[in-house]
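Chain by chain, the residues:
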Amino acid sequence: MLSGSRGTLIRMAVLALLWGSGFLWIKLALEGGLAPLHITVIRCALGALVLLVLARSARQSLPRDRRTWGHLVVAAFFCNALPFFLFSVGEQTVDSGVAGVLNATTPLWSLVIGIALGTERGFRPLHLTGLLLGFAGILLIFAPWHQAGLTGEGALALVAAAVSYAVAFAYMARHLIGRGTAPLALSAAQLLMATGLTVPVLPAVGTASNADAGAPTLTAWIAIVVLGIFGTGITFHLNSRLIADEGPTAAATVGYLLPVVSVVLGALVLGEQLGIRVIAGMTVVLLGVGLTRGRQQTGNLYPERGVRPGQVRSRCPGTASARGTGVGRIRVGSRVVRGGRVRTGR
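Predicted model, so just to flag it, every value in this text is computed and none were measured.

**Focus on the overall build of the protein chain**
Right, so step 1: A count of helices and strands for the protein chain gives twelve helices and four strands.
Right, so step 2: Buried residues in the protein chain amount to 53% of all 346 residues.

What follows is the structure, encoded as structure tokens:
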């Protein structure tokens, strides 16, 4: 059994690979003939199935009160159904590597929402610098002044997906996190709700796939199964375990690796070529995101309402789910993490 820093690095690498490869699987599913809505529905359903099995094995029950399910409708829409669909729409015309980079802008939008709502606490000049750098990086990637710049509907859909995540995190932090529901069960319920929101829309597209691609290929079906099981369901479980076993810093580091993984996989598997401008923009975006995090030692890459240094809030399924218990420790289910060790407690 792996231990120490070597084991931590391997677990982080595996999680980053599974999580960051999601953009590759979306692109392969699209090129194989699946439509964006099909990808969204299947991904939500498979992810929900995985989390239900994990929740049952952990003896966690789904929420039973109507109020929680009502909040889950909103969370599932903005955190799963809408962004999953928008990412699939965006990757019809934008490379998977660029999609991963634009996804990394979510913390910037979260900060903007926090400032607009007056819920962002401890905003410092360093954070403002990071925010300006991050959006400068986005502008550099889009390059509207350049003939080869990203100004189409696909790129805008990807940015809208990142904004949707940010809206979801703010809502979930206020209405769902720390309400007594076990994290795995809550995430399973959220993906179940996302599946329920997207399935009724299927008749609008019927059984037809992408018109230009013909019938879905075997590669497309393999890609969507891997995306749903590993890129959505398993990643949630692995990230939660990483926070519990290694602490919040390791989990946050994985978040910064995702766009790098998406770019590398897009280049190696799909032959995508990113120009110097896009690479420079990605670097500036990641630098800006890092500065907006300041000295906040959280296990969550994305800032949310009311999160103080040392606290961790939930991200969407496929990400971490934990509740802050004070500086230097976090609570995952009934376990309290101090210094990377797990102790049981109430």
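**Observations concerning the packing of aromatic side chains**
Right, so step 1: Scanning the entire structure with this criterion turns up five aromatic pairs.
Right, so step 2: Each ring, one from Phe23 and one from Phe87, has its centre 5.5 Å from the other, and the planes form 75°; the classification is edge-to-face. Within this pair, whereas Phe23 is found in helix α2 (residues 22-31), its partner Phe87 is found in helix α4 (residues 66-90), the two being separated by 64 residues in sequence.
Right, so step 3: Phe87 sits in the buried class, given a relative accessible area of 3%.
Right, so step 4: Arranged with centres 6.0 Å apart and planes meeting at 40°, the rings of Phe87 and Tyr165 form a pair that is tilted. One end of the pair, Phe87, is in helix α4; the other, Tyr165, is in helix α8 (residues 153-175), and 78 residues separate them in sequence.
Right, so step 5: Ring pairs connect the aromatic residues Phe23, Phe87, Tyr165 and Phe169, which therefore count as one cluster.
Right, so step 6: The ring of Phe84 carries Arg43 above its face, with NZ or CZ at 3.8 Å from the centroid.

**Some remarks on helix α3 (residues 36-57)**
Right, so step 1: Over its 22 residues, α3 extends 32 Å from the first C-alpha to the last, a length consistent with the 32 Å expected when each residue adds 1.5 Å.
Right, so step 2: Just past α3, the residue Arg59 takes up positive phi, approximately 60°.

**What to know about the packing of α2 against α3**
Right, so step 1: Relative orientation of the contacting elements α2 and α3 amounts to 130°, with a least axis distance of 10 Å. In terms of their interaxial angle, α2 and α3 are classed as oblique. Two packed elements cross with a definite hand, and for α2 against α3 that hand is right-handed. The segment α2 lies against α3, with Ile26, Ala29 and Leu30 engaging Pro36, Ile39 and Arg43.
Right, so step 2: Looking at the contact of α2 with α3 residue by residue, the classes come out as five nonpolar, no polar and one charged.

**Description of the environment of Gly97**
Right, so step 1: Relative to the elements of secondary structure, Gly97 occurs in helix α5 (residues 96-103).
Right, so step 2: What makes Gly97 buried here is its relative accessible area of 1%.
Right, so step 3: For the pair Gly97 and Glu272, spaced 175 residues apart in sequence, the C-alpha to C-alpha distance is 7.6 Å.
Right, so step 4: Those residues in contact with Gly97, other than ones at most four positions away along the chain, are Ser262, Val263 and Glu272.

**Some points on helix α6 (residues 106-117)**
Right, so step 1: With twelve residues, α6 should reach 16 Å at 1.5 Å per residue; the first-to-last C-alpha distance of 16 Å fits that figure.
Right, so step 2: Burial in α6 covers these residues: Thr106, Pro107, Leu108, Ser110, Leu111, Ile113 and Gly114.
Right, so step 3: One or two steps after α6, the chain reaches Gly118, where phi turns positive at roughly 75°.

**Here's the deal with the packing of α5 against α8**
Each packed pair of helices is defined by two parameters, the angle between the axes and the distance between the axes.
Right, so step 1: Taken N-terminus to C-terminus, the directions of α5 and α8 make an angle of 35°; their axes are 9 Å apart at the nearest point. The element α5 and its partner α8 pack so that their crossing is right-handed. Along the contact surface, α5 presents Ala99, Leu102 and Asn103, while α8 presents Ala155, Leu158, Val159, Ala162 and Tyr165.
Right, so step 2: By residue class, the composition of the contact of α5 with α8 is seven nonpolar, one polar and no charged.

**Things to note about the nonpolar core**
Right, so step 1: Counting residues in each nonpolar core, the largest one holds 71 residues, and the members touching the most others are Ile39, Leu51, Phe87, Leu102 and Val254.
Right, so step 2: Per element, the largest residue contribution to this core is nine residues, and it comes from α8.
Right, so step 3: Ignoring anything within four residues of it in the chain, the contact list for Ile39 reads Ile26, Ala29, Leu30, Leu34, Ser88, Ile224 and Leu227.

Parameters at a glance
- Residues numbered from 1 in each chain as written.
- Predicted model: local features only at pLDDT ≥ 70, side-chain atom pairs only at ≥ 80, totals over all residues.
- Heavy atoms only, no water.
- Helix = DSSP H or I, 4+ residues; strand = E, 2+ residues; numbered from the N terminus.
- Buried < 20%, exposed > 50% of the residue type's maximum accessible area, 1.4 Å probe, protein only.
- Phe/Tyr/Trp six-rings, centres within 6.5 Å; stacked < 30°, edge-to-face > 60°.
- Lys NZ or Arg CZ within 6 Å of the ring centre and 35° of its normal.
- Expected span 1.5 Å × (residues − 1).
- Axes fitted to C-alpha atoms, helices over the stretch in contact; angles between N-to-C directions.
- Parallel < 35°, antiparallel > 145°, perpendicular 65-115°, else oblique.
- Left-handed = near helix turned anticlockwise from the far one by under 90°.
- Contact = heavy atoms within 4.5 Å.
- Nonpolar A, V, L, I, M, F, W, Y, C, P; charged D, E, K, R; others polar.
- Core = buried A, V, L, I, M, F, W, Y, C linked by side-chain atoms within 4.5 Å.

By themselves, these observations are geometric and do not establish any function.
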